[in-house]
Amino acid sequence: RWRAQVPRWCTTFPKAVCVWSLHPRNMRAVSVACAVVGAASTNPINKVLQLLDSLAAKVTADGEREQAQYEKFTQWCEENAKETQHELKNSGERQESLQSVIEKTEATISNVNSEIQELSSSIAQNEADLEKATAVRKAEHKDFMERDEELVGTIDTLERALQVVKKELAFGQVSQSAVTSLVGAATVMLDDSLVTSHDRSRLQAFVQQQSAQADGFETMQAPATAAYETHSGTEAILQTFEDLLEKAESQRSDSTKAETEAQFNFEMLKQSLTDELKTENKELANARSKLAANKETLSSTNGDLAETNKDASADSASLRQLQTDCMQTASDHEVSVKDRSDELKALAEARRVIQEATGGATSKAYGLVQVGVTTRVSSPGIDSVVSSVRQLGRNSDDVAVALLASKISSVAVSGDDVFAKVKGLIRDMIQKISEKARADAKEHEWCTTKTKETEAKKADHESVVAKLTSRADRAKSAIAKAQAQIATLEAELGSLSKMQAEMDKNRNGEHADYLEASADYQQGVEGVQAAIKVLKSYYGKDSALLQQPVVGTHSASGGAAGGIIGLLEVCESDFSKLLAEVEADEKEAEEVYERQSKDNRQAKAEKETSLKYTQKTLARTEKALAEINDDTDAEQSELDATLEYLTKVNKRCVAKPETYASRKAKRDSEIDGLKNALKILQEETAGAFLAMRSVSRHQ
């Protein structure tokens, strides 16, 4: 059976001698050495060839080992460069995001500062206006109280004087004490601002007259005439006092009405300013809180940006150093490969020259020339390993595993230690598959982490966009509502102004009618009273004439006069009644007009205040809506960037022909198959070792 293992080149030597020997580590491995008979026992040329082969094998093994290390190093460079570049990309995106946040926050801080400045200025102005209005109102109220006190004193003086005189006139005469009371009142009224120049002249004349009578400067008159003149002067001064009393009461009424209206207007202004101050102070507090929050955000974001810039600089430096180191190593490896190739070429050339040039000399010098040695392993274990690995490559559809089976087959015909080489090939393949599995697991972990982080960022941005959109919708609704309120208030104010104008027009017409009717009735009353006075003055000289005229002589027509006077008194009563009714109607109409006008002024002030506040609210809401829209645009841009990055992550991690679990299962199957092949080789090696020991004992 071993004869079939003799190489064909041995048959080219007629006197060749072939020697079979068992491999020291595997009893199934047979070495066949063929040599020419007659060679000497020592052949230096053969030794040189063996040394050249050994050195070439060592150089080749070193090259393979170095190549494996270089491939591992190259993979490490690529992975680290890829990871560092990815970190730099993330840092760049984070820098852009942080810079966008900083710019937006700085713009917000600037806007809030402007808002705070405007609110502070408005608050100071409103407080100054309120303080000024309060001071003016206090001064006006003080003036009113002083004037009202003066009017109350004047009215009291006039009423007491008139009460005394009227009481005595009821008994047909005026005492000196009553006249003295009138004089005192007249003296007091001379300095009153109510008294006109005409009334003041009459009062001065009355006072001087009474003073002269008291001092005895008047010419003595008949008692009746003196009494009549005193009575007539007293009536005239009484009429003046009554006019002054009416004027004082009217002035006090007007002053009280003006004070009430001024107080009402002040209260409305105060309420408006107070409400506005309350609103502005609340807005100022919110603005300051917003400013503090944005400043804190700006500080934190600046810190994050500085840290990100620092990390990016470190990553850039690390990437540059990595590229430098990897390029240097690649250059060194290229030189090493070239040197090794040159060395192997030199060794091969030396061997070729020795074999070609020293063949004849060697045969003559040493007689027996070894012309070749070959070793072939015939082992069921290796055949099983080759078959198993080849089948594993077909099942896994892995080209590298399929090529491993071919390498094992080619190694089976080689030099020393075939089993060690086969084991080395299998271990290398296991290591490569394991490294690939680790790289795939790392990639899977990266994909899982980045997908989760990006999905979280996407959800956060979508949530913020949704909230901002909701706020924008509420702001738009508030703007529409405020615009509707403004339109309604403006329409109501227009209606109030129109109604007040119509009321003023109607009131002016009613007052004009009243003045005309009052003048007519007053003139009628005065005319009738004058007629009655004339008739009574004539017919009232002797009351008996009205009832008992002297027969046979001329007498006043007392009977007819009495009827006329009666009719005149009826007319006077009618005129007075109608005058009183007209005055009552006028007073009632005036009160209704004033009450309605007051209500209108109050409603107008309230609506104007509400309109002003609504307009400010509308302006603030529109400004807030603009800020919300800016924030929404910025957030949408960040969301778009996040979605774009998520698309890239999905393209890298999701769009693959098979899942990570499937790839992992296939690699685990390959590793298990290769480990099983190693186990077969180990068992085969152990069996060969036991067989070799058994042969040695039998020999």
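Predicted, not measured: the structure shown is a model, and the values here were computed from it.

1. Observations concerning the overall build of the protein chain
Broken down by element type, the protein chain carries ten helices and three strands. The N-to-C order of helical and strand elements in the protein chain reads β-β-α-α-α-α-α-β-α-α-α-α-α. Among the 699 residues that make up the protein chain, the fraction classed as buried is 29%. Accessible surface for the protein chain amounts to roughly 43,100 Å². Of this, 54% is attributable to carbon and sulfur atoms.

2. A short note on the state of the cysteines
For the structure on display, the rule yields one disulfide. At a sulfur-sulfur separation of 1.9 Å, the disulfide partner of cysteine 77 is cysteine 326. Between cysteine 77 and cysteine 326, the disulfide has an S-S torsion of -95° and is therefore left-handed. You can see cysteine 77 sitting in helix α1 (residues 44-169) and its partner cysteine 326 sitting in helix α4 (residues 223-357), a full 249 residues away along the chain. A relative accessible area of 8% places cysteine 77 in the buried class.

3. Some points on the side chain of glutamate 635
The residue glutamate 635 is located in helix α9 (residues 558-653) in this model. Buried charged residue glutamate 635 carries no salt bridge. Nearest counter-charge: lysine 104, at 4.3 Å. A distance of 2.5 Å separates polar atoms of two side chains, one belonging to glutamate 635 and the other to histidine 461. In this structure, glutamate 635 is in contact with Lys104, His461, Val464, Val465 and Leu468, ignoring residues within four places of it in sequence.

4. Focus: the nonpolar core
Of all hydrophobic cores here, the largest spans 15 residues; its most connected members are Val112, Ile116, Leu284 and Leu291. Secondary-structure elements contributing two or more residues to this core are α1 and α4. It is α1 that contributes the most residues to this core, eight residues altogether. In this view, leucine 291 contacts Ile109, Val112, Asn113 and Ile116; residues no more than four positions away in its chain are not counted. Counting twelve residues, the second largest nonpolar core, distinct from the first, contains Ile479, Ile486, Leu489 and Leu625.

5. Observations concerning a negative patch on the surface
Judged by side-chain charge, Glu159, Asp243, Glu246, Glu249 and Glu583 come together as a negatively charged surface patch. It is α4 that provides the largest number of residues to the negative patch, a total of three residues. By secondary structure assignment, the location of glutamate 159 is in helix α1. The exposure class of glutamate 159 is partly exposed, given its relative accessible area of 35%.

6. Some remarks on the pattern of salt bridges
By the definition in use, this model includes 22 salt bridges. The closest approach of N and O atoms between arginine 137 and glutamate 140, which form a salt bridge, is 3.4 Å. Here the residue arginine 137 and the residue glutamate 140 both occupy positions in helix α1, the gap between them amounting to three residues, near one helical turn. A salt bridge links lysine 607 to glutamate 492; the nearest nitrogen and oxygen atoms lie 2.6 Å apart. Taken together, the residues lysine 607 in helix α9 and glutamate 492 in helix α8 (residues 418-539) connect sequence positions 115 residues apart. Residues participating in the shared-partner salt-bridge network are Glu276, Glu280, Lys612 and Lys616.

7. Considerations on the environment of leucine 273
Structurally, leucine 273 is set in helix α4. With a relative accessible area of 6%, leucine 273 lands in the buried category. Sequence spacing of leucine 273 and leucine 130 is 143 residues, and the spatial spacing of their C-alpha atoms is 6.7 Å. Ignoring anything within four residues of it in the chain, the contact list for leucine 273 reads Asn126, Asp129 and Leu130.

8. Quick word on the confidence of the model for the protein chain
When pLDDT is averaged along the protein chain, the result is 75, and 68% of the positions lie at 70 or above. Low confidence marks residues 542-558, where pLDDT is under 50. Its contacts with residues over four positions away, or in another chain, come to eleven contacts. With pLDDT under 50 throughout, residues 688-699 is counted as low confidence; its partners more than four residues away or in other chains account for nine contacts.

9. Quick notes on the environment of glutamate 66
Tracing the backbone through its elements, the reader meets glutamate 66 in helix α1. Separated by 270 residues in sequence, glutamate 66 and serine 336 place their C-alpha atoms 9.1 Å apart. There is a polar contact of 2.7 Å between the side chain of glutamate 66 and the side chain of serine 336.

10. Focus on the environment of glutamate 572
Its location among the elements puts glutamate 572 in helix α9. Along the backbone, glutamate 572 and glutamine 522 are 50 residues apart, and their C-alpha atoms lie at a distance of 9.8 Å. In this structure, glutamate 572 is in contact with Val525, Val528, Gln529 and Ile532, ignoring residues within four places of it in sequence.

11. A short note on the side chain of histidine 86
Assignment of secondary structure puts histidine 86 in helix α1. Take histidine 86: its relative accessible area is 12%, and that puts it in the buried class. With residues near it in sequence (within four places) discarded, histidine 86 still touches Trp446, Lys450, Tyr645 and Arg652.

Definitions and cut-offs
Residues numbered from 1 in each chain as written. Predicted model: local features only at pLDDT ≥ 70, side-chain atom pairs only at ≥ 80, totals over all residues. Heavy atoms only, no water. Helix = DSSP H or I, 4+ residues; strand = E, 2+ residues; numbered from the N terminus. Buried < 20%, exposed > 50% of the residue type's maximum accessible area, 1.4 Å probe, protein only. Areas by Shrake-Rupley, 256 points an atom, 1.4 Å probe, with all protein chains shown as cover. Disulfide = S-S within 2.5 Å. Lys, Arg positive; Asp, Glu negative; His and termini not counted. Salt bridge = Lys/Arg side-chain N within 4 Å of Asp/Glu carboxyl O. Polar contact = N/O pair within 3.5 Å; in protein donor to acceptor, adjacent residues only side chain to side chain. Contact = heavy atoms within 4.5 Å. Core = buried A, V, L, I, M, F, W, Y, C linked by side-chain atoms within 4.5 Å. Patch = residues over 30% accessible without salt bridge, like charges linked within 9 Å, V, L, I, M, F, W, Y side chains within 5 Å. Charge placed at Lys NZ, Arg CZ, Asp CG, Glu CD. pLDDT = per-residue confidence, 0-100.

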